[in-house]
Amino acid sequence: MNAALETHGLGKRYGSRWALRDCSLAVPEGSVAALVGPNGAGKTTLLHLAVGLAPPSAGDARILGWSAREQPELVLPRIGFVAQEHPLYRGFTIAEMLKLGRKLNPSWDAALAHERIERLGLSLKQKAGTLSGGQQAQVALTLALAKRPELLVLDEPMAALDPIARREFLGALMEAVAEGGLTVILSSHIIADLERVCDHLVVLAGGAVQLAGPLEDVVSEHRLLTGPRGDADEVARVHAVIEERHSERQTTLLVRANGHVYDARWEVTPVGLEDIVLGYLGRR
Amino acid sequence: MLWVGWRQQRTEALIVASVIALLAALMIPTGIHLANVYDHDGVAACVTSESESCNTVLMVFQDRFHGLTSLFNWLQLLPGMLGALLAAPLVLELEQRTYRLAWTQSITRRRWLATKLALLGGAAIVAAALLTVLISWWRGPVDEIEGRFSENAFSFEGIVPYAYMLFAAALALAAGVVIRRAAPAFAIALIGFFAARIVVTNSLRPHFMDPVVKLLNKPPSGSLHDAWVLSGPSLVDRHGNPPARALVYQCLGPGAHVAGQAKQVPIECLSKLGLVTRVEYHPASRFWTFQWIEAGLFVGVSAALVAFAAWWILKRVN
Amino acid sequence: MIDFHLDSRSGVPTYLQIVQQVRQAIPLGLLASGDQLPTVKDVVAHLAINPNTVLKAYRDLDHEGLVEARRGQGTFVSSRVLPDPPRDVAGLQRELGEWVKRARAAGVDDEGLYALFGTVLHRMERAA
């Protein structure tokens, strides 16, 4: 299977500060990948490097095999990008935004765009600046989807949306995925939303990749070990201890299991995605 | 992309067009009136004559429209404002960070920039053309009398207005690209435009070529009426120095000043004392040479500013 | 047409919830032989879940023989499934409703109702 997005040692430096460092990952084609991490983790930087908005300071990023920075004519028509806060031209009407899409993109599906706008209950004559946050996000998504991209990249698309708008946005997104031939990468710092839709996970913190892989594997490989207060050395010899917490009488370990956990001292339970991610974020 | 670029520029272009239209609405009636008076009150015939009565006619004419012609002083900043305004959409793209949308469609950053710059340049040239045609037409009669080198003529006619407007746009663009705020960029461009115009007009333009220096036996006739007189006519002795006061009092009476009164001094008295009139000027025929030099100056700087802005946008905007 | 719903807090995997809802719908008569299941597109648009989840559920149901996928047309309730709804569903629901009323009057809350039912069912299964 090819990688929709592949990075090797990707890094970006602003002055003396590395916003992203030694980032290597591969998002398989056809997956819906979640890029999670706290604010300032480098998510936006990573996505901007991927779509060619910024040049890397180290390493490279390839989309469908090409570099967006060096071969924009090959990459840009194949991707859809919605930046943070879903920018639109506020003085443009929705009709004019669609016209912009048509003028600037050779593979523009005008019928799809109009059909989506109609289904959203929006009038083409409305100015983009007068739309609500949820509506703007949907219009921005429409612009990206009408390009018929192979890869859709969304930077915190639901940050400013209320729960209903979030659900509708994700529903629209999944509908597009169901039609086939689309890989999605979306970044967020809210994990609960992503659990429903994503099948690939990348955890980013402090400018570095902490964890990456298929969601199913991630969840099945991690375990929570609880037992009487003690040290984790024996466990650590076989499995990767991600996080350990000690209270007065109890020790809790978050472990990435290397096979079955045979130690009778520990009670082994599965771990939810949110707790796994928090475990990785906490260990920086 | 042409449609997109135009649509983004539409508001500013309409504002500029409205300002010019307003100006035209104000100037066309007065311009027609001015031309009428010039043609029918015998002013036209008097321009090349040297008779006293004609001098009076000309002075009366100039006086009558002085109020209007002096308004041109206020128009000097207009090309600066309009040019800087036209650059606003490009700067707003950076301020509002909508470039994240524009540069991830299917068009390359280079082509996007080239189109936007072409539209900006085109709009500036069209606006400058409209202004130049309007003002040149209006000033026709006045220019016959005063020449096209006068400050309120030179800056509004020929080709320099195009260069001024391009310069203002380029300055606003360069400032805007660095600070990424449209309003401060506009202010910086306006101030820069004002400063540059003042420096060029007062310190550089007089020296584009060496001025012609003439020593005349009598005060200059009307033949210099359309030249750009830098100094004089003043009284000097045969060596070019200002005359001793005692000499002057002989002709003019005690307590008289030297400069500016060459016209009233009896000619016989002048030549008896060995005094001549000195004039330093650029003849009217140099108008177009000076236009090309000044336009070239501003266009050259504009090109450098645009190149800088383009480099910044292509390489440094993250 | 059945309308799926999701209980994200139940701990049951999403695909399994869909499978269970189809399984339960057939004997209850909500889905009959030849009825079309909602398209994957419609399900994910409504529930906002990954299409693979729905595909997996439908595939499992296909393997169980409860549904069959017809290429280009969609997924349909298998013709081999005999609907045979339980008799007197209405009567059963009515009696259950009365039991619920009695239990509530005795001071049992919703959680207790589930626990009661589960305990009895479990006990009966063990005795059987």
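Calculation rules
- Residues numbered from 1 in each chain as written.
- Chains lettered and ligands numbered in written order.
- Predicted model: local features only at pLDDT ≥ 70, side-chain atom pairs only at ≥ 80, totals over all residues.
- Helix = DSSP H or I, 4+ residues; strand = E, 2+ residues; numbered from the N terminus.
- Rg over C-alpha atoms; globule rule 2.2 N^0.38 Å.
- Buried ≥ 20, exposed ≤ 12 C-beta atoms within 10 Å, placed from the backbone.
- Contact = placed C-beta atoms within 7 Å.
- Core = buried A, V, L, I, M, F, W, Y, C linked by C-beta atoms within 7 Å.
- Domains from an automatic or database assignment.
- Nonpolar A, V, L, I, M, F, W, Y, C, P; charged D, E, K, R; others polar.
- Pairing = 2+ DSSP bridges.
- Axes fitted to C-alpha atoms, helices over the stretch in contact; angles between N-to-C directions.
- Parallel < 35°, antiparallel > 145°, perpendicular 65-115°, else oblique.
- Left-handed = near helix turned anticlockwise from the far one by under 90°.

Participant: I'm lost on the overall build of chain B in this one. Help?
Facilitator: Each helix and strand counted, chain B has 15 helices and 3 strands in total. Over its C-alpha atoms chain B spans a radius of gyration of 25 Å, topping by over 25% the 20 Å that the globule rule assigns to 318 residues. Counting only C-alpha atoms, chain B reaches 85 × 45 × 30 Å along its principal axes. In chain B, which comprises 318 residues, the share counted as buried stands at 34%. Partitioning the contacts of chain B with sequence separation of at least 6, the portion at a separation of at least 24 is 81%.

Participant: Whenever I open this one, the nonpolar core confuses me. Can you help?
Facilitator: Within soluble globular proteins, side chains that are nonpolar tend to cluster in buried spots. Residues Ala50(A), Val153(A), Met174(A) and Val44(C) are the most contacted members of the largest nonpolar core, which totals 114 residues. Per element, the largest residue contribution to this core is 8 residues, and it comes from helix α6 (residues 163-178) of chain A. Those residues within four positions of Ala50(A) in sequence are excluded, and the remaining contacts are Leu5(A), Ala61(A), Ile63(A), Ala68(A) and Val153(A). In this structure, Leu117(B), Val160(B), Ala172(B) and Ala227(B) belong to the second largest nonpolar core, which totals 58 residues.

Participant: For this particular structure, what's the right way to read the domain arrangement of chain B?
Facilitator: By convention, interface size is frequently given as the accessible area that disappears when the constituent parts associate. By the assigned domains, chain B splits into domain 1 (2-209 + 298-316) and domain 2 (228-282). Of note, the centres of domain 1 of chain B and domain 2 of chain B, computed from C-alpha atoms alone, are 41 Å apart.

Participant: I'm lost on the interface of chain A and chain B in this one. Help?
Facilitator: With 18 residues of chain A at the interface, the matching set in chain B holds 15 residues. Only α2 (72-75) and α3 (94-104) of chain A provide two or more residues apiece to the side of chain A that touches chain B. For the side of chain A that touches chain B, the element with the most residues is α3(A), which contributes 4 residues. Tallied by class, residues from the side of chain A that touches chain B come to 14 nonpolar, 1 polar and 3 charged.

Participant: I tried to follow the domain arrangement of chain C on my own but got confused; where do I start?
Facilitator: Structurally, chain C comprises domain 1 (14-77) and domain 2 (89-127). Placing the centre of domain 1 of chain C and that of domain 2 of chain C at their C-alpha centroids yields a distance of 29 Å.

Participant: It is not clear to me how the interface of chain A and chain C should be interpreted in this structure. Could you clarify?
Facilitator: Facing 14 residues of chain A, the contacting portion of chain C comprises 10 residues. Mapped onto the side of chain A that touches chain C, the elements with two or more residues apiece are α6 and α7 (191-197) of chain A. Of the residues forming the side of chain A that touches chain C, the biggest block, 8 residues, is contributed by α6(A). Grouping the constituent residues of the side of chain A that touches chain C by class yields 8 nonpolar, 1 polar and 5 charged.

Participant: Before we go on, may I ask you to explain the arrangement of the chains in this structure?
Facilitator: Among the 2 pairs of chains that make contact, the interface with the largest number of contacts is formed by chains A and B. The closest approach of any C-alpha atom in chain B to one in chain C is 26 Å; the two make no contact.

Participant: Would you explain unusual backbone geometry in this entry?
Facilitator: Peptide bonds are mostly trans, and most non-glycine residues show a negative phi. One non-glycine residue, Glu85(A), lies in the positive phi region at around 60°. Along the chain, Glu85(A) turns up in the loop between β5 (79-82) and α3. C-beta crowding within 10 Å serves as the criterion here: with 17 such atoms nearby, Glu85(A) is assigned to the partly exposed category. For Arg97(B), which is not glycine, the phi dihedral falls at a positive 60°. Locating Arg97(B) in the fold gives a position in the loop between α7 (88-95) and α8 (99-102). By the C-beta count within 10 Å, which is 15 here, Arg97(B) ends up partly exposed.

Participant: Honestly, the sheet that holds strand β3 (residues 32-36) of chain A in this entry has me stumped. Any pointers?
Facilitator: Pairing between the strands of a sheet is mediated by backbone hydrogen bonds and can be parallel or antiparallel. Residues and elements named next belong to chain A. Taken together, the 6 strands give an open sheet; going across it, the order is β5-β6-β7-β3-β8-β9, and neighbouring strands pair in mixed fashion. Two strands bound the open sheet, and with one partner strand each, they are β5 and β9 (208-214). Taken over all neighbouring pairs, the strand axes of this sheet differ in orientation by 10° on average, direction set aside. Bridge count for β3 against strand β7 (residues 183-188) is 5 bridges, and the pairing is parallel. The residue of β7 that forms the bridge with alanine 34 is leucine 186.

Participant: In this structure, what is going on with the sheet that holds strand β12 (residues 250-256) of chain A? I would like to understand it.
Facilitator: Residue and element names in this part refer to chain A. Across the sheet, 4 strands lie side by side as β11-β12-β10-β13; this open sheet has antiparallel pairing. Strand pairing shows two members of the sheet lacking a second neighbour, β11 (240-246) and β13 (267-270), which therefore form its edges. For this sheet, the mean inter-axis angle between neighbouring strands, taken without regard to orientation, is 25°. In this structure, strand β10 (residues 222-228) lies alongside β12, joined through 7 bridges in antiparallel fashion. Bridge pairing links threonine 226 to threonine 252 in β12. With respect to the sheet, helix α10 (residues 273-282) is in contact with β10, β11 and β12, its orientation differing from that of β11 by roughly 85°.

Participant: Looking at this model, I keep getting lost on the packing of helix α1 (residues 2-40) of chain B against helix α6 (residues 78-86) of chain B. Mind explaining?
Facilitator: A pair of packed helices can be characterised by two numbers: the angle between their axes and the separation between those axes. Residues and elements named next belong to chain B. The contact between α1 and α6 brings their axes to 9 Å, and the two run at 160°. What the angle tells us is that α1 and α6 run roughly antiparallel. The handedness of the crossing between α1 and α6 is left-handed. Counting all contacts with α1, which are made through Glu12, Ile15, Val16 and Val19, the residues of α6 involved are Leu82, Leu85 and Leu86. Here the contact of α1 with α6 is composed, by residue class, of 6 nonpolar, no polar and 1 charged.

Participant: What am I meant to see in the packing of helix α2 (residues 40-47) of chain C against helix α3 (residues 51-64) of chain C here?
Facilitator: Residue and element names in this part refer to chain C. α3 packs onto α2 with a crossing angle of 130° between their chain directions and a minimal axis gap of 9 Å. In terms of their interaxial angle, α2 and α3 are classed as oblique. Pair α2 / α3 crosses with right-handed handedness. Between α2 and α3, the contacting residues are Val40, Val43 and Val44 on the first element and Pro51, Val54 and Leu55 on the second. Tallied by class, residues from the contact of α2 with α3 come to 6 nonpolar, no polar and no charged.

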